[in-house]
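The chain contents come next:
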Amino acid sequence: MFYLIQALIQNSFALKPFPRACANQDALLSKECCPPWEGDGSACGASSGRGWCQDVEVTQEPDGPQYPFSGLDDREKWPLVFYNRTCQCAGNFMGINCGDCKFGYFGANCNERRESLRRNVFHLSRAERVRLVSYLNLAKHTVSSDYVIPTGTLQEMRNGSTPLFADVSVYDIFVWMHYYVSRSALLGGPGNVWTDVDFGHWAPGFLPWHRVYLLHWEHEIRKLTGDTSFSIPYWDWRDARGCDVCTDELMGARHPQDPNILSPGSVFSSWRVLCSRPEEYNSRGVLCDARPEGPLRRNPGNHNRNVVERLPPSEDVEFALSLTDYDTGATDRTANMSFRNTLEGFGDPRTGTGNSSHRSLHAAVHVFMNGTMSSVQGSANDPIFLLHHAFEAPATPSQYPESNAPIGHNGGYFMVPFLPLHRNRDFFISSKDVGYDYSLLLDANQRLSESIRPFLEELWGVWGWLALAAVVGGILSVALAAVIVHTKYKYGGFTWLHARKWRNLFALPESEPLIFSPDSEETGYNYQSTM
C-alpha cells in the first residue's frame, strides 16, 4: 500500500519475538538478552568491536489517554518486563548478538552496500512466481532455529522461573508477532480484557511497524533460502475488480465446492492457521498457544458491502496522498485530515473525516478478503498479507509525534515485540536508506522495461522450443531427402510417386463438418453448443 513515510535503519537488528538464546530461566531472571557472537564467543561480539551489552533506556514521554492502565500488560515500556539489558551494535552491524548487517549492507564486515527492488507481483516471470510460492511454503514448513514464542505472560511464567515457550515455523513467527502486537490487553482472569489498545495499529506507529516487519520477514527468507537477491513483491490493488492475485499460480484460487477455503490446486490450501481466534483467547483471558486452528479462509468479494463497497479506487489513494499532515489530533482512529488514519482506512477518503463508519484503502482490502485476512490479529496467516503491506510509495513526511500518541506509538517507543530494539521514529525516512526501492518509482522507460520483462522471458522460453523444433525439422527433411534419392537410384526414377498414386496413398474417406447440420439425424453437442 501507499505509505507517506519510508523505512529507516536502526542500530540493532534481529527479529522479533524471543531469541532461543534468551528464552530460558537464566536470561529471564537476570533480565539480560546479550547472546555471544559465534565469531569470537563474546557477548554482542564486544571483543571484535561489533557491539556491547547495555542497559535499555525507554522513553519517558507521556502516552495518550486511550489506555488508562499501568503495569498490567507485558508490552508496556517494551521490553523492560522481560529484559533491561540488550546488545547495542556498532557501525553497520546488527542482530540479536550483532552478528548480522544493517538493512541494505552485506558481507563479512557489513561494508557492501546493495539495493534491492520490490516489484509488482504481475511483473514477475513464471520462474519467479514459482520461487515466491516455494519460499513461502518452505518458511511455513520449517521450524525456526533461532526464535520461539511465549505461550504465557511473565506472571504465568512465575517471573521467569518457569519459562513457557513454543516452537513454530519461520512463517508462523511472523504470524505470532502480528497477533501479539495487536492483541487485547489481559487485565487478569477470564473475559477481563481491554480491547481498545493496539501497539501496531490505529495510531502513528502503524506504518513504521509494518515496514520493520517486512524488512525482517525479507531477511529471514534470504537466510532460509540463501537467496540474498530475494525481495517481497507487491500487489497493486488500485481499481482491481476482484482478487486478481487469487489464482493457484499465486496466492490460491477459490475452492470449487466451498467458496470459503482455497482450491486444492494451491499449496496454501494445506496450510493451518494459528492465533486467529481473539474472541476465544479474550474469553479465557489467555495468550494464543500457537496450536493449529484449521485452514486458511478467504471468500473475496462476498463481504459486508455496508462496510466496504469495493477494492480501493485510484482517486482514494490520490486523496490520501494529498494530505500534508502525517497524523493529527489524538492520532488515533478519530484523527481528521490525517494521512495515516485515512490510509489505514478509518478516515473518509473523500473528506478526511476520522472515525468513518466505512472502511477504505488499507482496511478495505482486509475486509474485502472476507476470511482470515479480515481479522487484525490473525490476518498475517494469509500470504496475501505480505503483498498487500508491501504496496507502498514515498512522500515527504511531517513530524512524527514524540508524545501523547496511543501507548506504543510515541516516536521514542520501542516497537513490540522486536528484539533487539527499534524505535518508531527510526523507521521514518527513505526506503533507499534501508536497501530497497520500488519498481513503480522507476522512470517511464525503466517501468516499461520492467513490465514487459516477464513476457520477453516467456517468449525466450518458447523460442528455445521453436529453435529445437526447427533443428529437428531440418534433420527430418535431410533424412527424407536422402530416402527419396536412394529410392530413385534403386527403382530407376520417381515413377512410383506418380501424382495419382500419391493422392490415392493418402486419401481418407470424406467426413461431415465438425459442426452438425440442422438436418443431421444424429443428436449431441457440437462446437457451437454451450456446455
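A quick note: this is a predicted structure, and the numbers were derived from the prediction, not measured.

**Digging into the sheet that holds strand 11 (residues 165–166)**
Okay, step 1: Ordered in space as 1-10-11, the three strands form an open sheet in which the pairing is antiparallel. Across the chains shown, the open sheet's two edge strands, defined by having one partner strand only, are strand 1 (18–19) and strand 11.
Okay, step 2: Packing against the sheet, helix 3 (residues 170–182) makes contact with strand 1 and strand 10 (147–150), and its axis sits at approximately 35° to strand 10.

**Description of the packing of helix 2 (residues 126–140) against helix 3**
Okay, step 1: Between helix 2 and helix 3, the least distance of the axes is 5 Å, while the angle of their chain directions is 80°. Taken together, the axis directions place helix 2 and helix 3 in an arrangement best described as roughly perpendicular. Residue-level inspection shows L136, A139 and K140 of helix 2 in contact with helix 3, the latter providing V170, Y171 and D172.
Okay, step 2: Considering only residue class, the contact of helix 2 with helix 3 consists of four nonpolar, no polar and two charged.

**Details of the packing of helix 2 against helix 4 (residues 206–225)**
Okay, step 1: Interaxial distance between helix 2 and helix 4 falls to 10 Å at its minimum, and their mutual angle equals 90°. The angle between the axes of helix 2 and helix 4 places the two elements in the roughly perpendicular class. Here Y135, L136, L138 and A139 of helix 2 come into contact with helix 4, specifically with W217, I221, L224 and T225.
Okay, step 2: For the contact of helix 2 with helix 4, a count of residues per class yields seven nonpolar, one polar and no charged.

The rules behind these values
Residues numbered from 1 in each chain as written. Predicted model: local features only at pLDDT ≥ 70, side-chain atom pairs only at ≥ 80, totals over all residues. Heavy atoms only, no water. Pairing = 2+ DSSP bridges. Helix = DSSP H or I, 4+ residues; strand = E, 2+ residues; numbered from the N terminus. Contact = heavy atoms within 4.5 Å. Axes fitted to C-alpha atoms, helices over the stretch in contact; angles between N-to-C directions. Parallel < 35°, antiparallel > 145°, perpendicular 65-115°, else oblique. Nonpolar A, V, L, I, M, F, W, Y, C, P; charged D, E, K, R; others polar.

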